[in-house]
Amino acid sequence: SPTPAPQLSPTRRAFGVYIGRFEPPHLAHQAVMREALEQVDTLILVIGSARAARSTKNPFTAQEREALIRAMLTEAGVDPARLRFVAVRDHLYDEGRWLAEVRSGVQAHTGGSADVALIGHIKDGSSYYLRSFPDWDFLPTHVVSGLSATAVRRALFERRLHDLGGMVPPAVEAFLREFYPSADSAALRAEYEHLLACQA
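Just so you know, these numbers come straight off a predicted model, no measurement behind them. (Residues numbered from 1 in each chain as written. Predicted model: local features only at pLDDT ≥ 70, side-chain atom pairs only at ≥ 80, totals over all residues. Heavy atoms only, no water.)

> Just to check I follow, could you spell out the sheet that holds strand β4 (residues 116-120) for this structure?
Within a beta sheet, neighbouring strands are joined by backbone hydrogen bonds and run either parallel or antiparallel to one another. Taken in spatial order, the five strands line up as β3-β2-β1-β4-β5 in an open sheet, and their pairing is parallel. Lying at the two open borders of the sheet, with one neighbouring strand each, are β3 (83-87) and β5 (137-140). On average, each strand axis in the sheet is tilted by 30 degrees relative to the strand beside it, whichever way the strands run. Each of β1 (13-20), β2 (40-47), β3, β4 and β5 touches helix α1 (residues 27-37); the most contacted strand, β2, lies at about 145 degrees to it. (Pairing = 2+ DSSP bridges. Helix = DSSP H or I, 4+ residues; strand = E, 2+ residues; numbered from the N terminus. Axes fitted to C-alpha atoms, helices over the stretch in contact; angles between N-to-C directions. Contact = heavy atoms within 4.5 Å.)

The following block contains the structure:
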């Protein structure tokens, strides 16, 4: 007999926090966000690598990523009034500053409420930050996907726009197709091709 789907916790939280770079947001991100919204009243999206210069790893601004998340969730029937956003910079070699910036941004939306849960999936060493907020409950996501933003960026830089539909929601695909002919996109493709040539 088929394995039953995991049951979501019946305890509803006031606030959920989902941390990511979302470069760009894809279908698995959307699935995690929708699952989280079944368990929390307000979802706070913490967008990392804010204010970084465009690069092949970080091609989109925090404002662009916020707009994409809003658009893809609204398209999926989510009330945008249930969403809040926090943009945090990278603080290389200073994790304390990064943690403080995340906490400060989240608290600006929670009003000091302790009814906060952190949403995520501990997959490898890159998920270490999920253990860095012990005072927030941890809500593991049941979304399992091999999809990555790296694969989406690769499709964009390798001119495989036909592959995007299977990886990102329609609102994100529309943005990427609009972004593709831009000067910023051309510069990123050139950087990507240069990096590939250096690896060869």
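> I would appreciate a short explanation of the side chain of Ser 49 in the present structure.
Summarising the element assignment, Ser 49 is placed in the loop between β2 and α2 (62-75). Taking the relative accessible area as the measure of exposure, Ser 49 reaches 4% and is therefore buried. A polar contact of 3.0 Å, which involves the side chain of Ser 49, links it to the side chain of Asp 90. Those residues in contact with Ser 49 that sit more than four places away from it in its chain are Arg 21, Asn 58, Arg 65, Val 88 and Asp 90. (Buried < 20%, exposed > 50% of the residue type's maximum accessible area, 1.4 Å probe, protein only. Polar contact = N/O pair within 3.5 Å; in protein donor to acceptor, adjacent residues only side chain to side chain.)

> Got a minute to help me understand the environment of Ala 76 in this structure?
In this structure, Ala 76 sits in the loop between α2 and β3. Along the chain, Ala 76 and Pro 169 lie 93 residues apart, while their C-alpha atoms are 9.0 Å from each other. Once you skip the residues sitting within four places of it in the chain, Ala 76 turns out to touch Gln 30 and Arg 34.

> Before we go on, may I ask you to explain the environment of Arg 70 in this structure?
Along the chain, Arg 70 falls in helix α2. Separated by 13 residues in sequence, Arg 70 and Leu 83 have C-alpha atoms that sit 7.9 Å apart. If we ignore the near neighbours within four places in the chain, the residues touching Arg 70 are Pro 80, Leu 83 and Phe 85.

> Looking at this structure, I do not really get the pattern of salt bridges. What am I missing?
When charged atoms on two side chains of opposite charge get close, those side chains can pair. If you walk through the whole model with that rule in mind, you get twelve salt bridges. Of the charged contacts in the structure, one is a salt bridge between Arg 12 and Asp 41, with a shortest N-O distance of 2.7 Å. Of this pair, Arg 12 sits in the segment before β1 while Asp 41 sits in strand β2, and the two are 29 residues apart along the sequence. Overall, the relative accessible area of 40% leaves Arg 12 in the partly exposed class. Looking at Asp 41, the relative accessible area reads 37%, which means it is partly exposed. Its salt-bridge partner being Arg 65, residue Glu 23 comes within 3.4 Å of it at the nearest N-O pair. Here the residue Glu 23 occupies a position in the loop between β1 and α1, and Arg 65 occupies one in helix α2, the gap between them amounting to 42 residues. For Glu 23, a relative accessible area of 1% corresponds to the buried category. Among the charged side chains, a salt-bridge network with shared partners connects Arg 54, Glu 64 and Asp 184. (Salt bridge = Lys/Arg side-chain N within 4 Å of Asp/Glu carboxyl O.)

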